[in-house]
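Each chain, letter by letter, is given below.
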Amino acid sequence: MNNQTAVAVREVKQDLVTNIERMRPQIEASLPPGVDPARFTRVGMNAIQNMPELLDPQVERQSVYNACLRAAQLGLMPDKREGAIVIVNEKRKGPNGDVWVKVAQFRDMIGGLRKLAAEFGFDLVARSVYANDEFDYRLGDEESIAHNPPKLGEARGNLIGHYA
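An account of the accompanying structure is given in this report. (Residues numbered from 1 in each chain as written. Predicted model: local features only at pLDDT ≥ 70, side-chain atom pairs only at ≥ 80, totals over all residues. Heavy atoms only, no water.)

## Quick look at the nonpolar core
Phase 1: Ranked by size, the top nonpolar core spans 29 residues in total, and within it Ile-20, Ile-27, Phe-40, Leu-54 and Ile-85 carry the most contacts.
Phase 2: Sorting elements by how many residues they give to this core places helix H4 (residues 61-74) first, with 8 residues.
Phase 3: Beyond its immediate chain neighbours, meaning those up to four positions away, Ile-20 contacts Ile-27, Met-45, Ile-48, Tyr-65 and Cys-68. (Core = buried A, V, L, I, M, F, W, Y, C linked by side-chain atoms within 4.5 Å. Buried < 20%, exposed > 50% of the residue type's maximum accessible area, 1.4 Å probe, protein only. Helix = DSSP H or I, 4+ residues; strand = E, 2+ residues; numbered from the N terminus. Contact = heavy atoms within 4.5 Å.)

## Observations concerning the pattern of salt bridges
Phase 1: For the coordinates displayed, the defined rule picks out 12 salt bridges.
Phase 2: Of the charged contacts in the structure, one is a salt bridge between Arg-24 and Glu-28, with a shortest N-O distance of 3.6 Å. Highlighted residues: Arg-24 and Glu-28, both in helix H2 (residues 24-30), separated by 4 residues, approximately one helical turn.
Phase 3: Of the residues examined, Arg-24 reaches a relative accessible area of 30% and is grouped as partly exposed.
Phase 4: Taking the shortest distance from any N to any O, the salt bridge between Asp-133 and Arg-156 comes out at 2.6 Å. Placement of the pair is Asp-133 in the loop between strand E3 (127-130) and strand E4 (134-138) and Arg-156 in the loop between strand E5 (144-148) and strand E6 (159-163), with a sequence separation of 23 residues.
Phase 5: The exposure class assigned to Asp-133 is buried, which follows from its relative accessible area of 10%. (Salt bridge = Lys/Arg side-chain N within 4 Å of Asp/Glu carboxyl O.)

## Quick notes on the packing of aromatic side chains
Phase 1: Applying the stated criterion across every chain, the model contains 2 aromatic pairs.
Phase 2: Ring centres of Phe-135 and Tyr-137 lie 6.0 Å apart, and the angle between their planes is 40 degrees; this geometry places the pair in the tilted category.
Phase 3: For Phe-135, a relative accessible area of 33% puts it in the partly exposed group.
Phase 4: Taking the centre distance of 5.3 Å and the plane angle of 45 degrees together, the rings of Phe-135 and Tyr-163 count as tilted. On the criterion of sequence distance, the pair formed by Phe-135 in strand E4 and Tyr-163 in strand E6 is long-range, its members being 28 residues apart.
Phase 5: You can call Tyr-163 partly exposed: its relative accessible area is 21%. (Phe/Tyr/Trp six-rings, centres within 6.5 Å; stacked < 30°, edge-to-face > 60°.)

Here you go:
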């Protein structure tokens, strides 16, 4: 990276951080009760600063701010455990036909889904099934799963599936 490119990247990063700082009152107002605004802001700023792909000039800036707001509304940290800010290509109608635009989106992850479920009294559990496990499931009015791995010390075999 030459000196000119490094300066441009620093300027884009600083601009992004400055604008997120300006949004702090809006972000804090969006947070659900029980989420520490200072911690959320700190984690969000770290996430943004450690994602070089967000510095791409082709990424729509407003989408980055919207992704931060969405994370705040859900009360999920963009820490790649509860959720993450990702770049996706979005198809939009343009004056000369469809165009593809790079946008940032907040995506909840398993840690975030578990956190949200726990707020409503649910517990999400996921398990892996191996070839030598005893596994039986029943569908219908009274669905059930019976899963027993082999005795300790016995090989479980190859991974063949998952359930939650």
